[in-house]
Amino acid sequence: QAVQLPCVFGRAIDTLDEALVGPAPRLVLCIGAAGGRTEISLERAALNVDDARIPDNAGYQPIDTEVVAGGPAAYFSTLPIKAMVRDMRAAGLPAAVSNSAGTFVCNHIFYALMHRIATSPALAHTRGGFVHVPYLPEQAASKPGVASMALATQVEAFRVAIRTALTVRDDVRETA
(Lines give C-alpha, C1' and ligand atoms only; values in the text may rest on other atoms or scores of the structure.)
Protein backbone atom coordinates (compact mmCIF):
# COMPACT_ATOMS: atom_id res chain seq x y z
CA GLN A 1 0.00 0.00 0.00
CA ALA A 2 1.30 3.46 -0.87
CA VAL A 3 0.10 6.57 0.95
CA GLN A 4 1.02 10.14 0.06
CA LEU A 5 1.69 12.25 3.15
CA PRO A 6 1.30 16.02 3.06
CA CYS A 7 4.51 18.02 3.44
CA VAL A 8 3.00 19.67 6.51
CA PHE A 9 4.16 19.34 10.11
CA GLY A 10 1.53 17.54 12.19
CA ARG A 11 -0.79 16.65 9.31
CA ALA A 12 1.84 14.26 7.93
CA ILE A 13 1.77 12.36 11.23
CA ASP A 14 -2.04 12.29 11.23
CA THR A 15 -1.98 10.75 7.75
CA LEU A 16 0.68 8.24 8.81
CA ASP A 17 -1.45 7.23 11.80
CA GLU A 18 -4.47 6.68 9.53
CA ALA A 19 -2.34 4.48 7.26
CA LEU A 20 -1.17 2.37 10.20
CA VAL A 21 -4.73 1.45 11.27
CA GLY A 22 -5.48 -2.22 10.68
CA PRO A 23 -3.12 -5.14 10.31
CA ALA A 24 0.45 -4.19 11.15
CA PRO A 25 2.72 -3.99 8.10
CA ARG A 26 6.01 -5.91 8.03
CA LEU A 27 7.77 -2.92 6.53
CA VAL A 28 7.18 0.84 6.36
CA LEU A 29 9.43 2.77 4.04
CA CYS A 30 8.92 6.53 4.03
CA ILE A 31 10.28 8.40 1.02
CA GLY A 32 11.01 12.08 0.55
CA ALA A 33 12.69 14.30 -2.03
CA ALA A 34 16.03 15.89 -1.25
CA GLY A 35 17.03 18.32 -3.96
CA GLY A 36 20.73 18.27 -4.63
CA ARG A 37 21.32 14.66 -3.60
CA THR A 38 23.07 12.51 -6.18
CA GLU A 39 22.16 9.12 -4.71
CA ILE A 40 19.32 7.28 -3.03
CA SER A 41 20.05 8.08 0.64
CA LEU A 42 19.00 5.62 3.35
CA GLU A 43 18.64 7.56 6.57
CA ARG A 44 20.19 6.21 9.76
CA ALA A 45 18.77 8.49 12.47
CA ALA A 46 15.61 10.49 13.17
CA LEU A 47 15.94 13.37 15.63
CA ASN A 48 13.26 14.59 18.01
CA VAL A 49 13.42 18.13 16.68
CA ASP A 50 11.52 20.21 14.16
CA ASP A 51 13.65 23.16 13.05
CA ALA A 52 12.42 24.37 9.68
CA ARG A 53 14.60 26.77 7.73
CA ILE A 54 11.62 27.34 5.41
CA PRO A 55 7.84 27.04 5.92
CA ASP A 56 6.09 23.76 5.10
CA ASN A 57 3.34 23.60 2.47
CA ALA A 58 0.82 25.10 4.93
CA GLY A 59 3.13 27.97 5.85
CA TYR A 60 4.08 26.55 9.25
CA GLN A 61 7.72 26.94 10.33
CA PRO A 62 8.46 25.35 13.71
CA ILE A 63 11.76 26.27 15.31
CA ASP A 64 13.43 24.10 17.95
CA THR A 65 10.31 22.12 18.88
CA GLU A 66 10.04 18.43 19.70
CA VAL A 67 8.36 16.06 17.26
CA VAL A 68 7.07 14.07 20.25
CA ALA A 69 7.02 15.94 23.56
CA GLY A 70 9.24 14.13 26.04
CA GLY A 71 10.29 11.50 23.48
CA PRO A 72 13.81 10.13 23.18
CA ALA A 73 16.38 12.40 21.52
CA ALA A 74 16.62 10.10 18.50
CA TYR A 75 15.68 6.78 16.96
CA PHE A 76 17.65 4.65 14.52
CA SER A 77 16.16 3.03 11.44
CA THR A 78 15.25 -0.60 12.00
CA LEU A 79 15.99 -1.41 8.36
CA PRO A 80 19.23 -3.10 7.26
CA ILE A 81 20.36 0.14 5.63
CA LYS A 82 23.95 -0.90 4.92
CA ALA A 83 22.84 -4.17 3.31
CA MET A 84 20.27 -2.25 1.29
CA VAL A 85 22.95 0.18 0.05
CA ARG A 86 25.32 -2.73 -0.68
CA ASP A 87 22.69 -4.49 -2.78
CA MET A 88 21.64 -1.35 -4.65
CA ARG A 89 25.27 -0.59 -5.49
CA ALA A 90 25.82 -4.20 -6.61
CA ALA A 91 22.90 -3.68 -9.00
CA GLY A 92 24.58 -0.55 -10.41
CA LEU A 93 22.29 1.87 -8.58
CA PRO A 94 23.68 4.97 -6.81
CA ALA A 95 23.01 4.68 -3.06
CA ALA A 96 24.51 5.76 0.25
CA VAL A 97 23.87 5.80 3.97
CA SER A 98 22.97 9.24 5.32
CA ASN A 99 23.32 9.89 9.02
CA SER A 100 20.59 12.48 9.41
CA ALA A 101 17.22 13.11 7.80
CA GLY A 102 17.57 16.81 8.64
CA THR A 103 15.03 18.73 10.71
CA PHE A 104 12.22 19.38 8.20
CA VAL A 105 9.07 17.33 7.50
CA CYS A 106 11.05 14.27 6.34
CA ASN A 107 12.72 13.93 9.73
CA HIS A 108 9.40 14.79 11.41
CA ILE A 109 7.65 11.82 9.82
CA PHE A 110 10.66 9.51 10.21
CA TYR A 111 10.81 10.24 13.95
CA ALA A 112 7.04 9.81 14.34
CA LEU A 113 7.15 6.46 12.53
CA MET A 114 10.01 5.16 14.64
CA HIS A 115 8.34 6.38 17.85
CA ARG A 116 5.18 4.49 16.93
CA ILE A 117 7.15 1.33 16.13
CA ALA A 118 9.03 1.63 19.44
CA THR A 119 5.99 2.27 21.61
CA SER A 120 3.08 0.41 20.00
CA PRO A 121 2.74 -3.29 20.81
CA ALA A 122 0.73 -3.67 17.57
CA LEU A 123 3.81 -2.58 15.58
CA ALA A 124 6.32 -4.71 17.52
CA HIS A 125 7.21 -6.72 14.39
CA THR A 126 7.19 -3.79 11.97
CA ARG A 127 10.47 -2.50 10.59
CA GLY A 128 10.74 1.03 9.32
CA GLY A 129 12.91 3.79 8.03
CA PHE A 130 13.26 6.73 5.70
CA VAL A 131 14.83 7.18 2.28
CA HIS A 132 15.65 10.44 0.52
CA VAL A 133 15.64 10.49 -3.28
CA PRO A 134 17.15 13.01 -5.71
CA TYR A 135 14.98 15.22 -7.85
CA LEU A 136 13.51 13.75 -11.01
CA PRO A 137 15.02 15.23 -14.21
CA GLU A 138 11.89 17.27 -14.85
CA GLN A 139 12.15 18.77 -11.34
CA ALA A 140 15.82 19.64 -11.83
CA ALA A 141 15.38 21.08 -15.33
CA SER A 142 14.67 24.58 -14.00
CA LYS A 143 17.56 24.36 -11.50
CA PRO A 144 20.79 24.33 -13.54
CA GLY A 145 23.53 22.23 -12.00
CA VAL A 146 21.22 20.38 -9.59
CA ALA A 147 21.50 16.59 -9.60
CA SER A 148 18.62 14.36 -10.64
CA MET A 149 17.80 10.69 -11.11
CA ALA A 150 15.41 9.07 -13.56
CA LEU A 151 12.21 7.62 -12.13
CA ALA A 152 12.98 4.19 -13.62
CA THR A 153 16.30 4.15 -11.75
CA GLN A 154 14.58 5.13 -8.50
CA VAL A 155 11.93 2.44 -8.96
CA GLU A 156 14.57 -0.24 -9.55
CA ALA A 157 16.49 0.95 -6.49
CA PHE A 158 13.36 0.54 -4.38
CA ARG A 159 12.75 -2.95 -5.76
CA VAL A 160 16.24 -3.94 -4.62
CA ALA A 161 15.95 -2.09 -1.30
CA ILE A 162 12.60 -3.65 -0.40
CA ARG A 163 13.74 -7.14 -1.36
CA THR A 164 16.79 -6.72 0.89
CA ALA A 165 14.75 -5.24 3.74
CA LEU A 166 12.38 -8.21 3.64
CA THR A 167 15.12 -10.86 3.52
CA VAL A 168 18.01 -9.48 5.61
CA ARG A 169 17.35 -9.48 9.34
CA ASP A 170 20.72 -8.37 10.71
CA ASP A 171 22.51 -5.55 8.94
CA VAL A 172 26.02 -5.98 7.61
CA ARG A 173 28.97 -4.45 9.46
CA GLU A 174 30.93 -2.42 6.94
CA THR A 175 31.80 1.18 6.38
CA ALA A 176 28.98 3.37 5.19
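In short, a report on the structure. This structure is a prediction, so every number in the text was calculated from the model and none was measured. (Residues numbered from 1 in each chain as written. Predicted model: local features only at pLDDT ≥ 70, side-chain atom pairs only at ≥ 80, totals over all residues. Heavy atoms only, no water.)

1. Quick word on the overall build of the protein chain
Secondary structure summary: the protein chain contains five helices and six strands in total. Written out in order from the N terminus, the α and β elements of the protein chain read α-β-β-β-β-α-β-α-β-α-α. Relative to a compact globule of 176 residues, whose C-alpha radius of gyration would be 16 Å, the protein chain shows 16 Å and is just as compact. The dimensions of the protein chain, computed from C-alpha atoms along their principal axes, are 40 × 40 × 30 Å. Burial statistics for the protein chain: of 176 residues in total, 43% are counted as buried. For the protein chain, contacts bridging at least 24 residues in sequence account for 76% of all contacts bridging at least 6. Accessible area for the protein chain stands at about 9,200 Å²; split by element, carbon and sulfur atoms hold 54% of it. (Helix = DSSP H or I, 4+ residues; strand = E, 2+ residues; numbered from the N terminus. Rg over C-alpha atoms; globule rule 2.2 N^0.38 Å. Buried < 20%, exposed > 50% of the residue type's maximum accessible area, 1.4 Å probe, protein only. Contact = heavy atoms within 4.5 Å. Areas by Shrake-Rupley, 256 points an atom, 1.4 Å probe, with all protein chains shown as cover.)

2. Quick notes on the nonpolar core
Of all hydrophobic cores here, the largest spans 24 residues; its most connected members are Leu16, Ile109, Phe110, Tyr111, Leu113, Met114 and Phe130. Among the secondary structure elements, those contributing two or more residues to this core are helix H1 (11-19), strand S1 (27-33) and helix H3 (105-119). Looking at this core element by element, the count peaks at nine residues for H3. (Core = buried A, V, L, I, M, F, W, Y, C linked by side-chain atoms within 4.5 Å.)

3. What to know about the environment of Ser77
Within the secondary structure, Ser77 sits in the loop between strand S4 (74-76) and helix H2 (81-90). The sequence separation of Ser77 and Leu29 amounts to 48 residues, and the corresponding C-alpha distance is 10.0 Å. Residue contacts for Ser77: discarding those within four places in its chain leaves Glu43, Arg44, Phe110, Met114, Gly128 and Gly129. A polar atom in the side chain of Ser77 sits 3.1 Å from the backbone nitrogen of Leu79. (Polar contact = N/O pair within 3.5 Å; in protein donor to acceptor, adjacent residues only side chain to side chain.)

4. Some words on the side chain of Thr126
For Thr126, the location among the structural elements is in the loop between H3 and strand S6 (127-133). Under the relative-accessibility criterion, Thr126 is labelled buried at 4%. In this structure the side chain of Thr126 is engaged in a polar contact, spanning 2.5 Å, whose partner is the backbone oxygen of Pro25.

5. Notes on the layout of surface pockets
Each pocket or cavity is described by its volume, and for the largest pocket that value is around 1,400 Å³. Along its surface, the largest pocket is lined by 41 residues, and Leu5, Cys30, Ile31, Gly32 and Phe130 are the ones closest to its centre. Those elements that provide at least two residues to the lining of the largest pocket are H1, S1, H3, S6 and helix H5 (151-167). Per element, the largest residue contribution to the lining of the largest pocket is seven residues, and it comes from S1. (1 Å grid on protein atoms, 1.4 Å probe; cavity = no way out; pocket = protein on both sides within 12 Å on 5 of 7 lines; lining within 4 Å. Points joined across faces, edges and corners; volume = space filled by probe spheres on them.)

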